[in-house]
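Structural characterization, general
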Amino acid sequence: FFFLMIRRPPRSTQSRSSAASDVYKRQVSTQSTWGETATVRTEMLVEDPANVKPKAEEIPKPAPPKDEDSDEEEKDDEVEAGEGADGAKGDKKKKKKKKKKKVKLTVDKVLTPEQLAQIPKERIEIIKKVLGDMPIKRERAQDNSHFRNLGSWKEGPTLQTNPPTIPVDFQFPDRVFPIGQIMEYTGSNMYRTTNAELKEKDRIAEEHYTHLRKAAECQRQVRKFTQSIAKPGIRLIDLCEKLEEMNRHLVNENGLHAGIAFPTGCSINHVAAHYTPNAGDFTVLGPDDVCKIDFGTQVEGRIIDTAFTVAFNPKFDPLLLAVQDATETGIREAGIDVRVSDVGAAIQEAMESHEIELDGKTYRIRSVKNLNGHLIGPYHIHGGKSVPIVAGTGMNDKMEEGELYAIETFGSTGKGYVWEEGECSHYMKDFYAQPRAIRNPRAKGLLKHIETNFSTLAFCKRWLDRAGETNYILALKHLVDDGIVNPYPPLCDVKGSYVAQYEHTFLLRPTCKEVLSRGEDY
């Protein structure tokens, strides 16, 4: 996700390399932390069931209720009289029969009373509505074979139900969240892997990593849920709202301390980015659409930003593979002291080595030249540096130790250039806006609501509607005209073209590169 006007610097996406394809195996690994040993649970690793010991934080198993859902034991002692010389051959007693009925899981039964007490009742009711009649199971596996170029979630030990019902905090009460994909530095930075001083810097930054890993784990679980409901025929506004409510629930939304980082993007076909439905927009996801799902989660302002492409028609496979290859190339090339222009050149080379045939015509897949990846700062989705996805941009910034980046690449069958078009839904308070007097009372009240609920994070009109704001259009326009709030309309390539996107967030730690948002899906 990014915020970009056509006159601003571009943005990028991501893809998947072969080196990253086998990283997400579930296991419990013991990781050494300079001077002490800690057991790290990670969603990407596979546990050996024989070595798994019960933990207090595993999914609580509710006591069987005393109703029709619990196991029942029916006793039926009937005596049958037989015929014989004495008028009875003996008594036959029927065997005791046990009739078992499966317990139907609900949100109320999965969560303990203590956990339910910590969640607002309104949120519980919303999640029940979101899940509807979806059966809740205690299993991890999920088949994604109906999607093109998305991996399935494998079976194995899990702390979550499917669909998800348990906030991430309850799954990891010790706050040891799963670690992302670790990529060791190479070349002149190889020494960083074993340097004692840099290991100590890693240890000192552990609280910062904890916030990021919590947001990343929430992201993975929300992604998995989204993939279970993203099917042809669903209205995009329903898809976005269900995703966002699940995001709020799993991250245990708490004002600006934890919640959604920006509106869910669900841009279709030639629309590359910045589209989310406004109220009354009932666009439906079709079987031949190429839809980019782009969403974010934040904990204490630390943002995880990811995107993947939903497609069902195999004719789009070359496009999706090209973009994923480009994203993975960008992640692989990124590192401390690397120039962003070199990353962009490598991304373009990977992207444009692919082509696609659609309806008998062959298209070269182009990198969208005015879209970029970006540095991410606290409560600042675009932190100042951009990561281009083409060569020759003249950007000479270097990536530095401790920086958080979103590598996102966009591949198009069109011109490879986007412009603003359509009704605006995305807005964000300017990160550098200076305080100023606002005379319009309605605009002043709206700004207060924005600062209280979103600060400098992005928001959309649907969220203002959800909060009960009414008749805000003119007030919002006033804030835009004053330069306090920036609008971000949809960004589009030529109509009839198709744009795909993949994105991951990674951290340049002192000792290694950690791809925080990596999952089994991509």
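See above for the structure.
Now for a description of the structure that goes with this document. As the structure is a computational prediction, the values presented were derived from the model and not from experiment. (Residues numbered from 1 in each chain as written. Predicted model: local features only at pLDDT ≥ 70, side-chain atom pairs only at ≥ 80, totals over all residues. Heavy atoms only, no water.)

Turning next to the pairing of strand S21 (residues 499-508). Here S21 lies mainly inside the structure; 10 of its 10 residues are buried. Covered by surrounding structure in S21 are Val-499, Gln-501, Glu-503, Thr-505 and Leu-507 together with Ala-500, Tyr-502, His-504, Phe-506 and Leu-508, the residues of both alternating faces. Examined bridge by bridge, strand S15 (residues 404-412) and S21 share 9 bridges and lie antiparallel to one another. Its bridge partner lying in S21, Glu-408 is registered against Glu-503. What sits between the antiparallel neighbours S21 and strand S22 (residues 513-515) is a turn of 4 residues. (Buried < 20%, exposed > 50% of the residue type's maximum accessible area, 1.4 Å probe, protein only. Helix = DSSP H or I, 4+ residues; strand = E, 2+ residues; numbered from the N terminus. Pairing = 2+ DSSP bridges.)

A few words now on helix H3 (residues 121-131). Every buried residue of H3 is listed here: Arg-123, Ile-124, Ile-127, Val-130 and Leu-131. Along H3, the residues classed as buried sweep out an arc of 120 degrees about the axis, all on the same side. Seen from the buried face of H3, the exposed residues on the opposite side, beyond 90 degrees, are Lys-121, Glu-122 and Lys-129. Gly-132 lies just past H3 and shows a positive phi near 55 degrees. (Arc of directions from axis to C-beta.)

Quick look at the packing of H3 against helix H7 (residues 236-250) now. Angle between the axes and distance between the axes are the two parameters that describe a pair of packed helices. Contact geometry of H3 with H7 gives a least axis separation of 10 Å together with a crossing angle of 140 degrees. In this view, H3 runs oblique relative to H7, as classed from their interaxial angle. Crossing of H3 against H7: the hand is left-handed. Listed contacts from H7 to Arg-123, Ile-124, Ile-126, Ile-127, Val-130 and Leu-131 of H3 are Lys-242, Glu-245, Met-246, Arg-248 and His-249. Residue classes in the contact of H3 with H7 are distributed as 6 nonpolar, 1 polar and 4 charged. (Axes fitted to C-alpha atoms, helices over the stretch in contact; angles between N-to-C directions. Parallel < 35°, antiparallel > 145°, perpendicular 65-115°, else oblique. Left-handed = near helix turned anticlockwise from the far one by under 90°. Contact = heavy atoms within 4.5 Å. Nonpolar A, V, L, I, M, F, W, Y, C, P; charged D, E, K, R; others polar.)

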